[in-house]
Amino acid sequence: MPSCLMSGPGCCSAMPRSDAGTGWFDRFFGSRQPARWLLERATQRSAETGSSPGELLADFRSRLEAGEPLQYVLGSWSFRGREIVVDRSVLIPRPETEMLVEVVLERLDRKKEYRILDLGTGSGAIAIALAAERCKATVVAIEASEPAFRIALQNVGANRLSRQIEVRLGSWFTPVAGERFDCICSNPPYISTADYWRLDSIVRDFEPQEALLAGSTGLEAYETIASNLGDHLNPGGFAAFEVGDGQPDAVAELLRKAGLSEIEVRLDLAGRERFVIASAPFAGVPAS
Ligand SMILES: C[S@@+](CC[C@H](N)C(=O)[O-])C[C@H]1O[C@@H](n2cnc3c(N)ncnc32)[C@H](O)[C@@H]1O
């Protein structure tokens, strides 16, 4: 952030006075920080494109007035301290997903090498955080949507993690046929058709439907993933999932049926059961 913005927009001598006003944004968000981010982004884009900051701020304002989430308007968002480019082809990475990463990291020794699979990578946020925080790990990140796949590739490159992360286009395990991993994690779509129509319009109208909807029960993606885990987890490996409200028992049962054990349900910061982790048996040891 330019230092002049730290002491208030009025101090920014490089910007015409009419462009520097962020009062509307302050009122819209009820706080000054988003207005600062938008002003910073307008300044940056102005330098890149030659458009005036005032024109860019007017465009930001009309998009926000139309209900578009701040993250898409800014064009990037922070995930575990890393900048992740987002557009409407990818889900905006959520704070609870940062906790899914935390839950996975707890089980990965910094000094060991692991092969990790991130299913439904979207922007690449989970894969990027895991690779950045476990530098000996390699990650294969799968995405079925081509526009999302391109954003993930862009984010992996921008975060300088191309040597650790390979992004592959395709559905679930199809691009990793015959391959095994020490950890398989996913924040898959988990909204049922009925719940989809009850979502806040800021989510339903702007975020990609294929990132949210998972059939009439909301469990379709977990069913497909769970039924394939046995063919793709190394002995002693583990799987970790983010789940929706009310889904932990059903997902735990799918994992049990898939032969996994030591099933654990973990809470998010709001105390809701949001993560299910389970282990594959070690070679020669039947699942308990
Ligand atoms: C809930 S979003 C999660 C995105 C990202 N991992 C995150 O946590 O921010 C689910 C992602 O799964 C992708 N997806 C949906 N169906 C898929 C499939 N059959 N195979 C691979 N990815 C799929 C969607 O396009 C979307 O990017």
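Residues numbered from 1 in each chain as written. Predicted model: local features only at pLDDT ≥ 70, side-chain atom pairs only at ≥ 80, totals over all residues. Heavy atoms only, no water.

1. What to know about the overall build of the protein chain
Under the convention used in this document: Strands are runs of DSSP state E lasting at least 2 residues, helices are runs of H or I lasting at least 4, and numbering of each runs from the N terminus. Exposure is judged per residue with a 1.4 Å probe applied to protein chains only, and the accessible area is read against the type maximum: over 50% gives exposed, under 20% gives buried, and values in between give partly exposed. Any two residues whose heavy atoms approach within 4.5 Å are treated as being in contact. Note on areas: Shrake-Rupley with a 1.4 Å probe; residue coverage comes only from the protein chains shown.
Helices and strands together make up the secondary structure of the protein chain, namely 13 helices and nine strands. A principal-axis box enclosing the C-alpha atoms of the protein chain has dimensions of 70 × 45 × 35 Å. Within the protein chain, buried positions represent 51% of all 288 residues. If you take every contact in the protein chain between residues at least 6 apart in sequence, the share linking residues at least 24 apart comes to 64%. Per element, the accessible surface of the protein chain, about 13700 Å² overall, is 50% carbon and sulfur.

2. Quick word on the site of the ligand
Going by this rule: Here a residue is considered near a molecule or strand provided that any single heavy atom belonging to it is located within 4 Å of it. Identification of polar contacts relies on pairs of N or O atoms within 3.5 Å, with a donor-acceptor requirement for protein atoms, meaning one able to donate a hydrogen and the other able to accept it, and with residues adjacent in sequence counted only if both atoms are side-chain atoms. Under the scheme applied, nonpolar residues are Ala, Val, Leu, Ile, Met, Phe, Trp, Tyr, Cys and Pro; charged residues are Asp, Glu, Lys and Arg; polar residues are all the others, including Gly.
The local shell around the ligand holds 17 residues, among which G120, E143, W172, N187 and A211 are the closest. Between the ligand and E143 there is a distance of 2.6 Å, counted from an oxygen atom to a side-chain nitrogen or oxygen. Separating an oxygen atom of the ligand from a side-chain N or O atom of N187 is a distance of 2.8 Å. Taking 600 Å² as the accessible area of the ligand by itself, protein coverage stands at 92%. Counted by class, the shell around the ligand contains eight nonpolar, seven polar and two charged residues.

3. Concerning the domain arrangement of the protein chain
Quick reminder of the rule: Domain extents, as shown, originate in an automatic or database domain assignment.
Along its sequence, the protein chain is organised into domain 1 (3–66) and domain 2 (88–279). Each of domain 1 and domain 2 has a C-alpha centre, and the two are 35 Å apart.

4. Topic: the packing of helix α12 (residues 220–232) against helix α13 (residues 248–257)
To be explicit about the condition: The angle between two axes is taken between their N-to-C directions and runs from 0 to 180 degrees, where each axis is a line fitted to C-alpha atoms and a helix contributes only its stretch in contact. Oblique is the label for any angle not covered by the other classes, which are roughly parallel (under 35 degrees), roughly antiparallel (over 145) and roughly perpendicular (65 to 115). Crossings are sorted by hand: turned counterclockwise from the far helix by less than a right angle, the near helix makes the crossing left-handed, and turned clockwise it makes it right-handed.
Taken N-terminus to C-terminus, the directions of α12 and α13 make an angle of 25 degrees; their axes are 8 Å apart at the nearest point. In terms of axis orientation, α12 runs roughly parallel to α13. By crossing handedness, the relation of α12 to α13 is classed as right-handed. Taken together, the residues of α13 that come into contact with α12 (itself represented by Y222, E223, A226 and L229) are V251, L254 and L255. In terms of residue class, the contact of α12 with α13 is built from six nonpolar, no polar and one charged.

5. Remarks on the pairing of strand β5 (residues 165–169)
Heads up, the rule is: Paired strands, as defined in this entry, are two strands with at least two bridges between them according to DSSP. We call a crossover right-handed when, viewed with the strands running away from us, the connection from the first strand over the helix to the second turns clockwise.
Sheet topology note: the strand β4 (residues 138–143)/β5 ladder contains five bridges and is parallel. Its bridge partner being in β5, E143 is matched across the sheet by L169. In the classification by handedness, the crossover that spans β4, the intervening helix α9 (residues 146–158) and the parallel β5 is right-handed.

6. Digging into the packing of helix α4 (residues 33–49) against helix α5 (residues 53–65)
Two numbers describe how α4 lies on α5: the axes approach to 9 Å, and their chain directions differ by 130 degrees. When the interaxial angle is binned, α4 and α5 end up oblique. Relative to α5, α4 is oriented so that their crossing is right-handed. Contacts from L38, L39, R41, A42, R45 and S46 in α4 reach P53, L56, L57, F60 and L64 in α5. Broken down by class, the residue content of the contact of α4 with α5 amounts to eight nonpolar, one polar and two charged.

7. Some details on the nonpolar core
Let me state the cut-off plainly: Side-chain atoms within 4.5 Å link the members of a nonpolar core, which is a set of buried Ala, Val, Leu, Ile, Met, Phe, Trp, Tyr and Cys residues.
Membership of the largest hydrophobic core comes to 40 residues, with the highest contact counts inside it found for V104, I116, L130, I165 and C185. Looking at this core, the elements with two or more residues in it are α7 (95–105), α8 (125–133), β4, α9, β5, β6 (181–186), β7 (233–242) and β9 (273–279). Setting aside residues no more than four positions away along its own chain, I116 makes contact with L108, L130, A137, T138, V139, V140, F181, C183 and C185. Grouped together as the second largest cluster of nonpolar side chains are 33 residues, W172, F173, I191 and F241 included.

8. Looking at the sheet that holds β7
Reading across from one edge, β5-β4-β3-β6-β7-β9-β8 is the order of the seven strands in this open sheet, with mixed pairing throughout. The outermost strands of the open sheet, each flanked by one partner alone, are β5 and β8 (261–267). Taking the axes of each pair of neighbouring strands and ignoring which way they run, one obtains an average angle of 15 degrees across the sheet. Here strand β3 (residues 115–119) runs beside β4; their pairing, made up of five bridges, is parallel. Bridge pairing links L119 to I142 in β4. Where α7 meets the sheet, it contacts β6, β7, β8 and β9, and its direction lies at approximately 160 degrees from that of β7. Relative to the sheet, α13 contacts β7, β8 and β9, its axis offset from that of β9 by approximately 10 degrees.

9. Looking at the packing of aromatic side chains
In plain terms, the rule: Paired rings are identified among Phe, Tyr and Trp, the last through its six-membered ring, by centres lying within 6.5 Å, and are further divided according to the angle between planes into stacked (under 30 degrees), edge-to-face (over 60) and tilted (the rest). Consider the ring centre and the ring normal. A charge sits over the ring if Lys NZ or Arg CZ is within 6 Å of that centre and within 35 degrees of that normal.
Applying the stated criterion to the full structure yields six aromatic pairs. Aromatic pair W24 and F25: ring centres 5.0 Å apart, planes at 90 degrees, arrangement edge-to-face. Classification of F25 as buried rests on a relative accessible area of 4%. Note on F28 and F29: the rings are 5.0 Å apart at their centroids and 85 degrees apart in plane angle, and the pair reads as edge-to-face. For F29, a relative accessible area of 27% corresponds to the partly exposed category. Each member of the aromatic cluster is reached from another via a ring pair, and the members are W24, F25, F28 and F29. Note that R107 overlies the ring of F238, its terminal NZ or CZ placed 5.4 Å from the centroid.

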